[in-house]
Amino acid sequence: MSALARRIKHVSKLQFRSFDFIAVQYRSNSRWKNNNLSIASSVRNTFGRREIRKAYDWQFYSGLTQSFEECILVPQMGDSITEGTLQKFLKFPGDKVQADEIVALIETDKVTLDVRSTISGEIRELKVSEGESVVVGQEIMSYVPCLVENSLKQRDVVSKAEDLNVSVIVPTMGDSVSEGVIAALSSKPGSHVKKDELIAQIETDKVTIDVRSPDDGLVKYIVQEGETVCAGDVIAQILPSSGLSDVQVKTEIGSESSSSVFVSSTSTIKPCQSESRGESRVKMSRLRMRVSERLKSAQNTYAMLTTFNEIDMTNVINMRKKYKDQFQEKYGEKLGFMSTFVAASARALREEKSVNAVIENDEIVFKNFVDISVAVSSPKGLVVPVLRSADKMTFAQIEFEIGRYANKANDGTLSIDEMTGGTFTISNGGTFGSLSGTPIINPPQSAILGMHSIVHRPVCIGPENLIVARPMMNVALTYDHRLIDGREAVSFLRIIKKNVEDPLRMLTEL
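Below is a summary of the structure that appears in this document. (Residues numbered from 1 in each chain as written. Predicted model: local features only at pLDDT ≥ 70, side-chain atom pairs only at ≥ 80, totals over all residues. Heavy atoms only, no water.)

## Describing the sheet that holds strand β16 (residues 208-212)
- The strand order β16-β15-β13-β18 describes an open sheet built from four strands, whose pairing is antiparallel. Edge positions in the sheet fall to β16 and β18 (228-230), since each of these pairs with one other strand and no more. Looking at each pair of strands side by side, their axes are set apart by 40 degrees on average, direction ignored.
- Two elements, strand β15 (residues 198-203) and β16, share five bridges in a ladder whose sense is antiparallel. By the bridge assignment for β16, Q201 is matched with D210. (Pairing = 2+ DSSP bridges. Helix = DSSP H or I, 4+ residues; strand = E, 2+ residues; numbered from the N terminus. Axes fitted to C-alpha atoms, helices over the stretch in contact; angles between N-to-C directions.)

Set out below in structure tokens:
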């Protein structure tokens, strides 16, 4: 370092994005003066006594700065949430990451959070294990920033080949169908396929979908027959047959093709194996644990009571049939039943203010706003996003927000803020065929409305009590009897019944 110090005449530290470049300017025929010794010392400390073998005028030493590791920390999780469980790593030591790429998933009591890299680099070390509890600000992995483009060009043969691959993804399967099963893999792994050639079939609840090759090349399957896949999943890759050596092709297909299942026409049928009578244990997710704690806490805290009623859905169904096409054409959303029930509940909450109140210690807190939580089923459990100021929303706005929340729940992208602060909850068990039930209050709220399936049954109509078949829905209101008396609860449910059976009341504000 003493030889280097005699040749350095200026040092600069340049800030670029979130990392530093060290720029060193050299002078070949001169000696340091006394007042420049401090600069030499700072260079020695910055480089950590690492030897520099090549010197260029204002050369940026990316190789040196790459040795400086950065850490990825647990991000903020929202109010009142300080810890979570590291559910899964998506990147591992040796993997390259780009800026803002998801590297890990952290599961909290309410949502699953994405952990993203701040800059491009290469993963160096995992600081924690999957399934381990982590807190905000904790280091979970380290990586080396890639400061120059040259570092990204150092890839092996397999990486170069992968850049040329074409991914085959599961196509959209239609409304209300989100997953299917790989029924057949039509080509042998490593065989040559042509563009638009059938390579797989996916069986859903309704139809069988053909998956075709997007390009000519060699097929490499990533899934096996019988495996469940969702829309957008990658099931195979098409390797270009030209421009790759035999070694590259074998490297790409070799190990993974052995794991893919291909049944030839001459294969023999094996005898059925005896079914295992053992048992398996799966650790509960933090979301499921938190839901179970809150539900049991509600049972232990509230004096819960449920009152029932039935609603004639004839007018709502007729309105929906008459205007659903015009509604969707104008607003881009389908006209469902939830908008009617949300609007009716909002009116009922305005009239029966005790249902929109909560108990805090020895006080009753009346809410002067109506924020209705809508229970939505997601792949990881039940979530309850909130419709803010629902009493001021139109049918179109309600349907738009519910659709947006449903998509985010399926994608796992709901934020904490979108699920906190509701004053009343609506749960629609009818979508799963429930005929009747008693919902549990969502703390700290004081009541919840349960909707159920629509079933045609005989009812008496008119002054002559004519018996006719009508589409009827059972509804249930579970409420905290410490705060809400039976009279208020029954009146609340009757207001909803009156408005749903005659939806023109809400449109005319009668």
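There's more to say after this.
## A short note on the nonpolar core
- Core analysis: the largest hydrophobic core is formed by 72 residues, its most contacted members being I140, F341, L387, F424 and I496.
- The greatest single-element share of this core, amounting to eight residues, is contributed by helix α9 (residues 338-351).
- Contact partners of L387, with chain neighbours within four places excluded, come to V342, V370, D371, I372, V374, M393, I398, E401, I402 and Y405. (Core = buried A, V, L, I, M, F, W, Y, C linked by side-chain atoms within 4.5 Å. Buried < 20%, exposed > 50% of the residue type's maximum accessible area, 1.4 Å probe, protein only. Contact = heavy atoms within 4.5 Å.)

## Side note on the pairing of strand β11 (residues 139-145)
- Counting buried positions along β11 yields six of seven residues, so the element is predominantly enclosed.
- Of the pairings in the sheet, the one linking strand β4 (residues 70-73) to β11 comprises four bridges and is antiparallel in character. What sits directly across from I72, in β11, is M141.
- Bridge count for strand β9 (residues 121-126) against β11 is five bridges, and the pairing is antiparallel. Bridge pairing links L126 to M141 in β11.

## Overview of the pairing of β15
- As defined by bridge partners, strand β13 (residues 179-185) adjoins β15 across four bridges and the pair is classed as antiparallel. Residue pairing in the sheet places I182 in a bridge with I202 of β15.

## Re the side chain of E418
- In this fold, E418 is placed in the loop between α10 (395-411) and β27 (424-428).
- At 3.4 Å, the side chain of E418 forms a polar contact with the side chain of R404.
- Setting aside residues no more than four positions away along its own chain, E418 makes contact with V384, P385, V386, R388, R404, Y405, K408 and T413. (Polar contact = N/O pair within 3.5 Å; in protein donor to acceptor, adjacent residues only side chain to side chain.)

## Focus on unusual backbone geometry
- A cis amide bond links P443 to the next residue, P444, at an omega of 5 degrees.
- A positive phi angle is found at D196, which is not glycine, with a value near 70 degrees.
- Within the fold, D196 resides in the loop between β14 (192-193) and β15.
- In this model, N465 sits at a positive phi of 55 degrees, which is unusual for a non-glycine residue.

## Side note on the packing of aromatic side chains
- Throughout the structure, instances matching the rule amount to three aromatic pairs.
- Seen in terms of ring centroids, F327 and Y331 are 5.0 Å apart; in terms of plane orientation they differ by 50 degrees. Their pairing is tilted. Of this pair, F327 and Y331 both sit in helix α8 (residues 314-331), separated by four residues, roughly a single helical turn.
- For F327, a relative accessible area of 11% translates into the label buried. (Phe/Tyr/Trp six-rings, centres within 6.5 Å; stacked < 30°, edge-to-face > 60°.)

## Quick notes on the sheet that holds β4
- Strand order in the open sheet formed by four strands is β4-β11-β9-β6, and the pairing between neighbours is antiparallel. Here the strands that pair on one side only, and so sit at the sheet edges, are β4 and β6 (96-97).

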